[in-house]
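Observations on the three-dimensional arrangement
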Amino acid sequence: MGDSVQTAERAAPSPATATRINDFQMIVATINGTGSQTSNTAILRALFKMGIPVNGKNIFPSNIQGLPTWFTIRVSKDGYTARRETNEILVAMNPNTAVEDAQQLPSGGICLYDEVFVTDQRYRGFGFEESRDDISYHRLPIDALLKEVDVPKALQDRVRNMVYVGALAHLIGITLESLEEALIHHFKGKEKPVALNMNAIKAAHAWAQENLQTASPYRVEAMNETEGMILIDGNSAGALGAVYGGMTFLAWYPITPSTSLADAATAYANHLRVDENGRKNFAIVQAEDELAAIGMVLGAGWAGARAFTCTSGPGISLMSEFAGMAYFAEIPSVIWDVQRMGPSTGLPTRTSQGDLMSAYLLGHGDTHHVVLMPNDPKEAFEFGWRAFDLADELQTLVFVLSDLDLGMNQWMSDPFDYPDEPMKRGKVLSAEDLEERNGKWYRFVDEDGDGVGYRTLPGTEHWNAAYFARGTGHNKYAVYSERADDWVENLERLRRKFDTARTLVPKPIVHGKKGNPIGIIAYGTSDTAVLEARDYLAEAEIDTCYLRLRALPIEETTRAFIEEHERIYVVENNYDGQLANILRMELPEYATRFITMAHADGWPLTANWITETLKQHEAAQKN
Amino acid sequence: MTTVDLNALRFLPESQRLDRQDYQGRQSTLCKGCGHNSIASQIIAVAYELGINPSYIIKLSGIGCSSKSPAYFLGRSHGFNALHGRMPSVATGAVTANRHLLAIGVSGDGDTGSIGMGQFKHITRRNVRMVYIIENNGVYGLTKGQFSATADMGQETKYAGRNELPPIDLCLEALAGEATFVARSFAGAPKQVKTLLKAALSHNGTAILDIISPCVAFNDHASSTKSYAYGRSNQYPLQDMTFVPSEEEIMINEENYDAQGEQVVELHDGSRIILKKLDKGDHDPTDREAAVRLLEDARSSMNGVPKFITGLIYVDPDRQTLSEAIGMTETPLSHLSEEQLRPSRESLEKMMKGLM
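Residues numbered from 1 in each chain as written. Chains lettered and ligands numbered in written order. Predicted model: local features only at pLDDT ≥ 70, side-chain atom pairs only at ≥ 80, totals over all residues. Heavy atoms only, no water.

Before going further, it helps to examine the overall build of chain A. Looking only at helices and strands, chain A has 22 helices and 24 strands in total. Here chain A has a C-alpha radius of gyration of 27 Å; the compact-globule value for 623 residues is 25 Å, and the two agree. Across its three principal directions, the C-alpha atoms of chain A cover 90 × 70 × 40 Å. For chain A, the proportion of contacts with a sequence separation of at least 24, taken over those separated by at least 6, is 79%. Between the mean site of the 57 positive side-chain charges and the mean site of the 84 negative ones, chain A shows a separation of 1 Å. (Helix = DSSP H or I, 4+ residues; strand = E, 2+ residues; numbered from the N terminus. Rg over C-alpha atoms; globule rule 2.2 N^0.38 Å. Contact = heavy atoms within 4.5 Å. Lys, Arg positive; Asp, Glu negative; His and termini not counted. Charge placed at Lys NZ, Arg CZ, Asp CG, Glu CD.)

Structure below.
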């Protein structure tokens, strides 16, 4: 095509045969720190406002500015929200990755890109459009358009990305009204930034109408599938759940991808939980490290606060000793682990379900923890409040195991249900209770046979309220003891308590008809991909049942499900198949039924991978 | 802006005062003659003399000989034997969760000066309201005599040989960490320990008491500056101190104090420390720079063996505590009702509409 830039687009020689409506995925490739988050979430919310099921995933580097970052948006008329491997539309804004990004498009795919890739001296020899001849190119004169809309110089970088929003809107049919609504949402109704960004979008849209004539094979059309739903990230949802769950204490240390959970909790609590005198009925402390964060949580939990911390894998490693302490000193406490890849640098900003085993068993000396595993924002909200109830009822540490995909990406969700039961504060004896008992109580005596003793809080005005909290080395009267029989008795009671936990944790969700030999077990964010994969498998005449595990320890429903199925595929986003191994350990009688289907590459699982892998296993089964 | 009379909660009225034995704990399992036991008995004496309400005391510790001792005093108070070096974080959580509580933390030189140095410096920086006692003997006792980070350079013990590294001065560390109450004392000087404990309990912030507390098993020999013999003959008290609780009036004309070489420091709860200057020095404990200089001078004197200064080294009664700094309620968090803790159904509905 030479060096001349005459036309703004070049169509693929053989355009896709049919137009695909509301069923494709696009990817925006930008440079970290250029403010593309606003434009991408505007596209996402605009599609959502058009009633089209969407999901957005931000693939970002561990970096403040300069490294490549991608944002994928999937639209699905069928309501599928899992990641897809293929992106049909590319918005290429990063010259460093543009060629490789374009290589990922399928034949007939479309690419919008910044015209500097072919006009700027710096990219001479770049040969961007030469790299593929089976896709459509749409070249955007971003600098010229920005000049046209008269954006103040200081703000040019910020609205730059709105140019591709406007052009894309024209190409695939996003309405300007929905984009404006999205911007009003984003800027919380502030007129100035909305107008500024809208001007850029409109200018680009008008330019595209004029200059981009090739019809896009991928288009969106308004639907009515998001009515009454919300769009939110899991960290915000979990934080809101904690605030409605009566969180009174949060200590935390910054770590991606959990930081935004602490930020959201701070913002929501400051908004919702300040009394008429301006006093906060909660405390939030940014600790010096994760050890201190969990130490503070335990001190606060011991003193009667609804206390939690949020962290990620490296953080729970550091919290390990205190996790064991919480278990043996029986202190209500909650840890949100927003999982990522790890340790150290490399993939800290990529998602994973790699902490399940360590969270379940964290600590030394026969520790087991309750682990809640939300699959979407609605459940993140619910587990946000429920975790405190469970921690108080069971007087123990409760994990909520989220991940980067849920925590930091925007998900469609049903609105959250207001907690449907009063707060549970567990077995706490007040001064009056002690008076009624004539002062007779012992911290670790199993009065009710459920393994949970009664506790008192510091500050209880009764002569016999006090007890001494320690890790190991106490008898049932909370008196120091190194006697073997005391310790065995304690471990047995703790096991009883864990069995009580089985009856209290959220039950699994089961899909599918009975009498089917194939069962799938998955948890957390793998859910969306499994649900989609089951449809594809059914099309291939492989019927499956599916149990979504929502908590550990496992309970009767799970055991029954496993009993009913010959082959249980355990699908998870890690390498070792950690849940499969836990199930083998917990249910050795069924150990041979479990087939590990684990995959970890930093990305959320896809329905395609699940479908194909399961098909292969099933084919091998028949041979 | 305190709306609750905390002193009324924390101290019993005359009519409800308890007996001395009500403040005792379990039988100590530390060595006979251990300095820690003498500190425990001073805590008991102070609680009895001040008429402390044990329901509002919490005792916390880390790991080590020192950290065992909370079991040996104030048996009617809640206790928490935490992890090695992590007592400060647990105390921070507990004291923040319930602002009515008075916390006494007991740590050692290993627990604070090595594994817990980070948490030590951050609790002083946050000025969490608590008494933080370091029972400092220069050695690890429970693991049988290794040097700690406060051991003197060049000192020798049977187990560990010769210590080639310089000691960390925990009072200097506390000052560098923005501590608002820093004192050093000697387990063999019960009167001073007692007065400092009383003042520390009234201090609205983190009160660091670095108490040299000889280890009779591993470090109570002639060449050790952490020995009884050394302490007795070399301690260098900065002041003669008197503690006057808030309800008692000082019967001396305040104007004469300076003339008589006396200084009065008023603490947050209205109690006062009267510091009578001794002829050896004229340290002003409200002067932070002077406090640092004093400790540095003491450290560099005597051919590398620090001068054993005792007494109140620094006090700033006015800096806000962590709970004050974060603007939280004075109500213990566990006393908040469900109505206060769970925002309304309407608020959630409104929030949901905003996300549609």
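The discussion continues.
Okay, the overall build of chain B next. If you tally the helices and strands in chain B, you get 13 helices and 15 strands. A compact globule built from 356 residues should have a C-alpha radius of gyration of about 21 Å, and chain B, at 21 Å, falls within 12% of that. Considering only C-alpha atoms, chain B reaches an extent of 75 × 50 × 40 Å along its principal axes. Of all 356 residues assigned to chain B, the portion counted as buried reaches 59%. (Buried < 20%, exposed > 50% of the residue type's maximum accessible area, 1.4 Å probe, protein only.)

The subject of this paragraph is the domain arrangement of chain A. Reports often express the size of an interface as the amount of accessible area lost when the parts come together. All names here are of chain A. Domain annotation for chain A reports domain 1 (9-227), domain 2 (232-413), domain 3 (431-504) and domain 4 (509-622). The straight-line distance from the C-alpha centre of domain 2 to that of domain 4 is 27 Å. Residue-level contacts link 25 residues of domain 2 with 26 residues of domain 4. Taking both partners together, domain 2 and domain 4 bury about 2100 Å²; carbon and sulfur atoms supply 59% of that area. Put simply, domain 2 and domain 4 have two salt bridges between them. The closest approach of N and O atoms between Glu 379 and Arg 550, which form a salt bridge, is 2.9 Å. At the junction of domain 2 and domain 4, the tally comes to 16 residue pairs in polar contact (both at pLDDT 80 or more). Going through the elements one at a time, helix H14 (356-361), strand S15 (370-372), helix H15 (377-394) and helix H16 (404-408) are the ones with two or more residues in the side of domain 2 that touches domain 4. In terms of residue count, the dominant contributor to the side of domain 2 that touches domain 4 is H14 (four residues). Looking at side-chain class alone, the side of domain 2 that touches domain 4 contains 13 nonpolar, six polar and six charged residues. (Domains from an automatic or database assignment. Buried area = accessible area lost by both parts, 1.4 Å probe. Salt bridge = Lys/Arg side-chain N within 4 Å of Asp/Glu carboxyl O. Polar contact = N/O pair within 3.5 Å; in protein donor to acceptor, adjacent residues only side chain to side chain. Nonpolar A, V, L, I, M, F, W, Y, C, P; charged D, E, K, R; others polar.)

The next point concerns the confidence of the model for chain A. Per-residue confidence for chain A averages 94 on the pLDDT scale, and 98% of its residues sit at or above 70. Overall, residues 1-5 of chain A carries pLDDT values under 50, and its contacts beyond four positions in sequence, including any with other chains, amount to five contacts. (pLDDT = per-residue confidence, 0-100.)

All right, on to the pairing of strand S1 (residues 57-61) of chain B then. Residues and elements named next belong to chain B. The element S1 is extensively covered by neighbouring structure, given that five of its five residues are classed as buried. Relative to strand S3 (residues 102-108), S1 runs parallel, the two being bridged by five bridges. Bridging across to S3, Ile 57 finds its partner in Leu 102. Pairing analysis gives four bridges linking S1 to strand S2 (residues 78-81), with the strands arranged parallel. Paired with Leu 60 across the strands is Phe 80, a residue of S2. (Pairing = 2+ DSSP bridges.)

So, on to the sheet that holds strand S15 (residues 309-315) of chain B. Taken in spatial order, the nine strands of this open sheet run S18(A)-S2(B)-S1(B)-S3(B)-S4(B)-S10(B)-S9(B)-S15(B)-S11(B), and their pairing is mixed. The open sheet has two free edges, formed respectively by strand S18 (468-469) of chain A together with strand S11 (236-237) of chain B, since each of these has just one partner strand. Bridge count between S3(B) and strand S4 (residues 130-136) of chain B: five bridges; the pairing is parallel. Bridge pairing in S4(B) links Gly105(B) to Tyr132(B). Packed onto the sheet, helix H4 (residues 87-97) of chain B meets S1, S2, S3 and S4 of chain B and runs at close to 160° relative to S1(B). (Axes fitted to C-alpha atoms, helices over the stretch in contact; angles between N-to-C directions.)

Once that is clear, we can look at the packing of aromatic side chains. Taken as a whole and judged by the stated rule, the model has 21 aromatic pairs over all chains. Aromatic pair Trp302(A) and Phe80(B): ring centres 5.2 Å apart, planes at 80°, arrangement edge-to-face. Within this pair, whereas Trp302(A) is found in helix H11 (residues 290-302), its partner Phe80(B) is found in strand S2, the two belonging to separate chains. This pair shows no difference in class: Trp302(A) is buried, exactly as Phe80(B) is. (Phe/Tyr/Trp six-rings, centres within 6.5 Å; stacked < 30°, edge-to-face > 60°.)

A word on helix H10 (residues 288-300) of chain B. All names here are of chain B. End to end, H10 covers 19 Å across 13 residues, agreeing with the expected 18 Å (1.5 Å per residue, within 8%). Within H10, the full set of buried residues consists of Ala 290, Ala 291, Leu 294, Leu 295 and Ala 298. Relative to the axis of H10, the buried residues are bounded by an arc of 135° and lie together on one face. Across from the buried face of H10, at angles greater than 90 degrees, the exposed residues are Glu 289 and Ser 300. Where H10 is buried, its residues touch helix H7 (170-176), strand S9 (181-186) and S15. Where H10 begins, one side-chain oxygen reaches toward the backbone nitrogen of Glu 289, 3.1 Å away; that side chain belongs to Asp 287. (Expected span 1.5 Å × (residues − 1). Arc of directions from axis to C-beta.)

This part takes up the side chain of Thr226(A). Residues and elements named next belong to chain A. Its place among the elements puts Thr 226 in the loop between strand S9 (218-219) and strand S10 (230-233). There is a polar contact of 2.7 Å between the side chain of Thr 226 and the backbone oxygen of Phe 48. Apart from the residues within four sequence positions on either side, Thr 226 is in contact with Phe 48, Gly 51, Ile 52, Pro 53 and Met 412.

Turning to the sheet that holds strand S3 (residues 23-31) of chain A, a few remarks are in order. Residue and element names in this part refer to chain A. In spatial order, the strands read S1-S8-S7-S6-S3-S5-S4; together these seven strands make up an open sheet with mixed pairing. The sheet is open, and its two borders are formed by strand S1 (9-10) and strand S4 (54-59), each paired with just one other strand. Judged from the six bridges that link them, S4 and strand S5 (residues 68-76) form a sheet pairing that is antiparallel. By the bridge assignment, Lys 57 is partnered in S5 with Thr 72.

Leu240(A), Phe308(A), Leu552(A) and Ile313(B) are the most contacted members of the largest nonpolar core, which totals 156 residues. Broken down by element, this core gets its largest block of residues, nine residues, from H15(A). In contact with Leu552(A), not counting residues within four places along its chain, are Leu356(A), Tyr360(A), His369(A), Val370(A), Val371(A), Met373(A), Val505(A), Leu579(A) and Ile582(A). Leu44(A), Leu146(A), Val165(A) and Ala167(A) belong to the second-largest nonpolar core, a separate cluster that totals 56 residues. (Core = buried A, V, L, I, M, F, W, Y, C linked by side-chain atoms within 4.5 Å.)

On the side of chain B, 59 residues touch chain A, which itself brings 74 residues to the contact. The largest contributions to the chain A side of the interface with chain B come from Arg279(A), Tyr418(A) and Phe468(A), which together make up 13% of the buried area. Where chain A meets chain B, there are two salt bridges. Counting every contact that joins chain A to chain B gives 27 residue pairs in polar contact (both at pLDDT 80 or more). If you tally residues by element for the side of chain A that touches chain B, the top one is H11(A), at eight residues. Classifying every residue of the side of chain A that touches chain B gives 45 nonpolar, 17 polar and twelve charged. Of the pairings in the sheet, the one linking S18(A) to S2(B) comprises two bridges and is parallel in character.

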